[in-house]
Amino acid sequence: MTALPAAALTARAQDVSPEIVTDILTLVRHETSSYDLPGLAAGLDLLHSLAVHRLGRPDHAQRHPGGECGDTLTLTYTGTGAGHIALVGHYDTVWPTGTLAGWEQPEGSDDGRDKLSGPGIFDMKTGLVQGIWALKLARESGVPVPTVTFLFNGDEEIGSPSSRPVIEEVAQKADATLVLEPTAHGAVKTARKGCGIFRVTATGVEAHAGLAPQDGASAITALAEFVVAAAAVAAPGKGTTINTGLIKGGSGTNVVAGQATASIDIRVSSEAERLRVDDALDAIRVSDRRVRIEIDHAWNRPPMTLTASSARLLDLAREVTREQGRGDLPDAAVGGASDANFVAALGLPVLCGMGAVGDNAHARGEFIYPDTVPAQTSLVAGLLGRLSEPLRDCA
């Protein structure tokens, strides 16, 4: 099928780069913590307005209530080709409301390149804006473009509990999904670990620590035994990591602890490892049998692997980067999870990491390289041109 004129598309993206960056900074200046519902609502209104400003009113728009989470917005723009592509991205950030006031811009760069920094600029407000502009540039190019459904969700950083069904529904109606998460140092993400946050509760027997310690059964001691044993279940060589990040319990230093809890972050690269970890944690026994151990196996996202259909999508993206003079597009497997995991688990074609180039996600000082914005925007725009027919028919 006919590709977009690469040189003209890239040049146009370069010309409008200042406007794209302005839109990015507009979103970043409005804080959207995952736990600030009013901030999320206003942020989604702003994002909706930005899409309408740059693309016109969508042919279909629906706001899906998030309940205790941020709402999910879907906007569909009917294309001139036969394909249908989903562009997915989250507008919530890990940063508490008020963080922006104390945020400092980097004064220099070790590599001599300009940087822009702000809460959520890398993960992932830049990707959202680049996605909107990508469709704008693709439509302006005059070649057939697919129908595009944008999905903006406000709960990804807390596991996408309300938006997951919407994501899966949108992905199943599309020929392919591009997730606008940040790149891995310029590489598209084709594999991600599955993840879970397990809550482990130890219930023991309280007693006076001085008068009758023998009558007590320490939940803290038992939980300590459990987390040490759980750490031994990790298999880094197989991509499985286990980290106990939070522990709390007890009621006083002079009381044998009656209860204690731990939150454990678990990452796996395969379904087989997920099953092994479940079985291994259930098999752990503590020395004091009077203490009851309960495990909430809260798997949040399944592993994402590079399937044959996603590999075809990657091939098309690499064709675009070569035509745009960027050489082969690298791909990477990463430890973090995203909404792409849900799409991949359905066996549908998906690429993740189509957004910003920068670093320090979830860390103060997260940044993007603004000089990469035109190339990343034109990559998505060029790929949309390649996908103006269903993926299975592209050649």
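Here is what the cut-offs are and how they apply
- Residues numbered from 1 in each chain as written.
- Predicted model: local features only at pLDDT ≥ 70, side-chain atom pairs only at ≥ 80, totals over all residues.
- Heavy atoms only, no water.
- Helix = DSSP H or I, 4+ residues; strand = E, 2+ residues; numbered from the N terminus.
- Rg over C-alpha atoms; globule rule 2.2 N^0.38 Å.
- Buried < 20%, exposed > 50% of the residue type's maximum accessible area, 1.4 Å probe, protein only.
- Contact = heavy atoms within 4.5 Å.
- Domains from an automatic or database assignment.
- Buried area = accessible area lost by both parts, 1.4 Å probe.
- Salt bridge = Lys/Arg side-chain N within 4 Å of Asp/Glu carboxyl O.
- Polar contact = N/O pair within 3.5 Å; in protein donor to acceptor, adjacent residues only side chain to side chain.
- Nonpolar A, V, L, I, M, F, W, Y, C, P; charged D, E, K, R; others polar.
- UniProt positions renumbered as here; feature names shortened; annotations may be inferred.
- Pairing = 2+ DSSP bridges.
- Core = buried A, V, L, I, M, F, W, Y, C linked by side-chain atoms within 4.5 Å.
- Expected span 1.5 Å × (residues − 1).
- Arc of directions from axis to C-beta.
- Disulfide = S-S within 2.5 Å.

Named according to an unreviewed UniProt entry, the protein chain is M20 family metallopeptidase originating from Streptomyces nigrescens.

## Focus: the overall build of the protein chain
Assigned secondary structure in the protein chain consists of ten helices and 18 strands. Its C-alpha atoms give the protein chain a radius of gyration of 24 Å, within 12% of the compact-globule value 21 Å for 395 residues. With respect to the three principal axes, the spread of C-alpha positions in the protein chain is 85 × 45 × 45 Å. Taken over 395 residues, the protein chain has a buried fraction of 54%. A separation of at least 24 residues holds for 80% of the contacts in the protein chain among residues at least 6 apart in sequence.

## Digging into the domain arrangement of the protein chain
As a measure of interface size, the accessible area lost when the parts come together is often cited. The domain boundaries assigned to the protein chain delineate domain 1 (6–192 + 304–387) and domain 2 (194–301). Counting residues at the interface gives 13 residues for domain 1 and six residues for domain 2. Across the domain 1 to domain 2 interface the summed buried area is about 600 Å²; carbon plus sulfur atoms make up 43%. At the junction of domain 1 with domain 2, the criterion picks out two salt bridges. Between Arg301 and Asp339 there is a salt bridge, and its shortest N-O distance comes to 3.1 Å. Counting across the domain 1 and domain 2 interface gives six residue pairs in polar contact (both at pLDDT 80 or more). The residue makeup of the side of domain 1 that touches domain 2, split by class, is two nonpolar, seven polar and four charged.

## Some thoughts on the UniProt feature "active site" (unreviewed entry) in the protein chain
UniProt annotation of "active site" (unreviewed entry) refers to Asp92 and Glu156 when read in the numbering used here. The greatest C-alpha distance among the annotated residues, which extend across 65 residues, is 6.9 Å, indicating that they converge on a single site. Inspection of the secondary structure assignment puts Asp92 in the loop between β3 (84–90) and β4 (116–117). Those residues in contact with Asp92 that lie beyond four places of it in its chain are Thr32, Ser34, Leu40, Asn153, Gly154, Asp155, Glu156, Glu157 and Ile158. Turning to its location among the elements, Glu156 is positioned in the loop between β5 (147–154) and α5 (164–173). Owing to a relative accessible area of 5%, Glu156 belongs among the buried residues under this scheme. With residues near it in sequence (within four places) discarded, Glu156 still touches His90, Asp92, Glu181, Arg301, Ala337, Ser338 and Asp339. Within the structure, Glu156 has its side chain in polar contact with the side chain of His90 (distance 3.2 Å).

## As for the pairing of strand β12 (residues 259–268)
With ten bridges connecting them, strand β8 (residues 194–203) and β12 associate as antiparallel partners. Bridging from a neighbouring strand, Gly196 pairs with Ile266 of β12.

## Re the UniProt feature "domain: Peptidase M20 dimerisation" (unreviewed entry) in the protein chain
The feature "domain: Peptidase M20 dimerisation" (unreviewed entry), as given by UniProt, occupies residues 190–283 in the numbering adopted here. Each end of residues 190–283 is marked by a C-alpha atom, and these two atoms are 33 Å apart; helix forms 27% of the span and strand 38%.

## Structural notes on the nonpolar core
Counting 58 residues, the largest nonpolar core has Phe150, Phe152, Leu178 and Met354 as its most contacted members. With eleven residues, the top contributor of residues to this core is helix α4 (residues 121–140). The residues touching Phe152, leaving out its near neighbours within four places in the chain, are Leu44, Leu47, Asp71, Thr72, Leu73, Leu75, Gly89, Tyr91, Leu128 and Ile132. In this structure, Ala219, Ala260, Leu281 and Val291 belong to the second largest nonpolar core, which totals 23 residues.

## Considerations on helix α7 (residues 271–282)
In this model, α7 (twelve residues) spans 17 Å end to end at C-alpha, consistent with the 16 Å of a helix rising 1.5 Å per residue. Where α7 is concerned, the buried positions are Glu273, Val277, Asp278 and Leu281. Buried residues in α7, looked at end-on, bunch into an arc of 140°, giving them a common side. Those residues of α7 that are exposed and angled more than 90 degrees off the buried face are Ala272 and Asp279.

## Some words on the sheet that holds strand β18 (residues 367–368)
Here we have three strands laid out as an open sheet, ordered β4-β18-β17, and antiparallel in their pairing. Strand pairing shows two members of the sheet lacking a second neighbour, β4 and β17 (358–359), which therefore form its edges. The pairing of β4 with β18 spans two bridges and is classified as antiparallel. Looking at β18, one finds that Leu116 is bridged to Ile368.

## Some thoughts on the state of the cysteines
This structure, assessed with the given rule, holds zero disulfides. For Cys69, which is in no disulfide, the shortest distance to another cysteine sulfur is to Cys195 and amounts to 15 Å. The class of Cys69 is buried, set by a relative accessible area of 12%. With no disulfide of its own, Cys195 lies 12 Å from the sulfur of Cys352, the closest cysteine sulfur. Residue class for Cys195 comes out buried when judged on its relative accessible area of 10%.

## Digging into the pattern of salt bridges
All told, the structure shown has 22 salt bridges when counted by the stated rule. For Asp265, the salt bridge identified is with Arg267, shortest N-O distance 2.9 Å. Its relative accessible area of 23% is what places Asp265 among the partly exposed residues. Residues Arg276 and Glu273 are paired through a salt bridge, measuring 2.8 Å at the closest nitrogen-oxygen approach. Of this pair, Arg276 and Glu273 both sit in helix α7, three residues apart, which is roughly one turn of that helix. Each of the salt bridges in this network shares a partner with another, and the network as a whole consists of Arg312, Glu319, Glu323 and Arg386.

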